[in-house]
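So you can see what is in the structure, the chains are spelled out below.
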Amino acid sequence: KLENSVWTVFTPLAVKTNAVNLGQGFPDFSFHPSVLKNYQSIEAHMMHQYCRSSGDLPLTTLVSKLFGHDLNYDPATEIVVTAGATNALYTILQCHIEEGDEVVLFSPHYDAYPVQVEQAGGKPVYVPIEEPKDEQDALDSNKWRIDPNRLEKSITTKTKMIVINNPHNPLGKVFTREELEQIASIAKKHDLIVVSDEVYEYLVFPSSPVQHTRIASLPGMRDRTITISSAGKTYSNTGWKIGWMAGSEALVDSCAKSIQYQIFCQASPLQRAVTRCLEQDPTMAIPRETAIYLEERYNQLKPLLESQNMMTVRPYSGYFTLSRIDHIRFPRAENSANTRDYDFCLWMPQGVGVCAIPPSAFYAHEHKHLADKWARFSFAKMESTIAAAEAGLNKLKKYI
């Protein structure tokens, strides 16, 4: 039985209470003027009918170029355009997972991952990205690590796939090449498919000590990896819902066929608008400007949270940071069945007028306690939005 997602609880709550919404990760700032111009130009051309089911060829051609000559994906057979990255993952799982297959997920994970695995008949197997024991180390997202021995022990004869999110939501971690090589080694040893969700790939901050590496680019990984990405995150236009997957024809051909019977094709005019964005910005300068902006907004939010002793986990990419809440004595029912972080985030909009998301939503039931002392805040917002949260966050002083 499906339950409502965390987004259907906290976003309406933010609206109802008129709280500053630092919960859901949608940018409230205007995207780049050239992106807007490309959207507006849709009216001026005739791309308003169905396109090729697996993706408008001008778009898949440019997406192929993004992956470079080393991976050399065929735009006609190895790139598939989808209704956002979530639809890409859904399609991959439906095509590759059979009843009883096991899929390894690294926790915390995007909340759609385990649901989609189960919808495909598979069984999620959870391996935590381990929080460092040292409290200072825990405030650096890149020091949260996967234990390769623990990953190895999670593999059984039923394991079919590993799903990785790099850069990572909600930590903002960018995996090192060494970490990816450890995962790749286990995937090759056990003949596993790797699905790599890389929607934040172009939003790595200038301060990051680690640059983004595609796991598909590692030796022996091209033909066992499907990479997912998204124009929505790349160009801050999440409502366009233009995503794609890239992988060998052997891996993505069934996905391309499946799209025919799902959505047939994603919106042709929006595909053409994304094509124009990529044509005009071959070096991805626009998302890299966005990454600079996002780091500035994190640096704006960080002292507001830490002034309340809500120490933050430093992200190196993406939209989010985790912040410590275990010292805050907020009103909470003694017999609450919820995790502490969930109750804190339920209370915040009404209590102080700021909305956050409980990171326990990104853990399996048996691991939700790992999120008890954290709340997730989005800094993918206008400077004025984050400034507006200051008054509410200051109200937390009387609960400390």
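Parameters and conventions
- Residues numbered from 1 in each chain as written.
- Predicted model: local features only at pLDDT ≥ 70, side-chain atom pairs only at ≥ 80, totals over all residues.
- Heavy atoms only, no water.
- Salt bridge = Lys/Arg side-chain N within 4 Å of Asp/Glu carboxyl O.
- Helix = DSSP H or I, 4+ residues; strand = E, 2+ residues; numbered from the N terminus.
- Buried < 20%, exposed > 50% of the residue type's maximum accessible area, 1.4 Å probe, protein only.
- Core = buried A, V, L, I, M, F, W, Y, C linked by side-chain atoms within 4.5 Å.
- Contact = heavy atoms within 4.5 Å.
- Axes fitted to C-alpha atoms, helices over the stretch in contact; angles between N-to-C directions.
- Parallel < 35°, antiparallel > 145°, perpendicular 65-115°, else oblique.
- Left-handed = near helix turned anticlockwise from the far one by under 90°.
- Nonpolar A, V, L, I, M, F, W, Y, C, P; charged D, E, K, R; others polar.
- Pairing = 2+ DSSP bridges.

According to the stated counting rule, one finds 20 salt bridges in the structure shown. One salt bridge in this structure joins Lys-160 and Asp-101, with 3.8 Å as the shortest N-O distance. Pair noted here: Lys-160 is in strand S6 (residues 159-165) and Asp-101 is in the loop between helix H4 (84-96) and strand S3 (102-107), with a separation of 59 residues, a long-range link. Here Lys-160 falls in the partly exposed class, since its relative accessible area comes to 27%. Of the charged contacts in the structure, one is a salt bridge between Arg-177 and Glu-181, with a shortest N-O distance of 3.2 Å. Separated by 4 residues within a single helix, Arg-177 and Glu-181 lie in helix H7 (residues 177-189), roughly one turn from each other. You can call Arg-177 partly exposed: its relative accessible area is 41%.

A word on the nonpolar core. In terms of nonpolar packing, the biggest core is built from 70 residues, with Met-161, Phe-344, Met-348, Phe-377 and Leu-393 touching the most fellow members. Non-local contacts of Leu-393, meaning those with residues more than four positions away in its chain, are made with Leu-301, Leu-304, Leu-305, Gln-308, Met-348 and Val-354.

Quick look at the packing of H4 against helix H5 (residues 112-119) now. The relative placement of two packed helices is expressed as an angle between their axes plus a distance between the axes. Interhelical geometry of H4 versus H5 gives an angle of 30° and a closest axis separation of 9 Å. The orientation of H4 with respect to H5, classified from their angle, is roughly parallel. Crossing of H4 against H5: the hand is right-handed. Packed against H4, whose contacting residues are Thr-86, Leu-89, Tyr-90, Leu-93 and Gln-94, the element H5 presents Ala-112, Tyr-113, Gln-116, Val-117 and Gln-119 at the interface. In terms of residue class, the contact of H4 with H5 is made up of 6 nonpolar, 4 polar and no charged.

On to the pairing of strand S2 (residues 79-82). Neither face of S2 is exposed, since Ile-79 and Val-81 on one face and Val-80 and Thr-82 on the opposite face are all buried. Relative to strand S9 (residues 243-246), S2 runs antiparallel, the two being bridged by 4 bridges. Bridged to Ile-79 within S9 is Ala-246.

Within the fold, Ala-285 resides in helix H11 (residues 285-306). Separated by 26 residues in sequence, Ala-285 and Ile-259 have C-alpha atoms that sit 31 Å apart.

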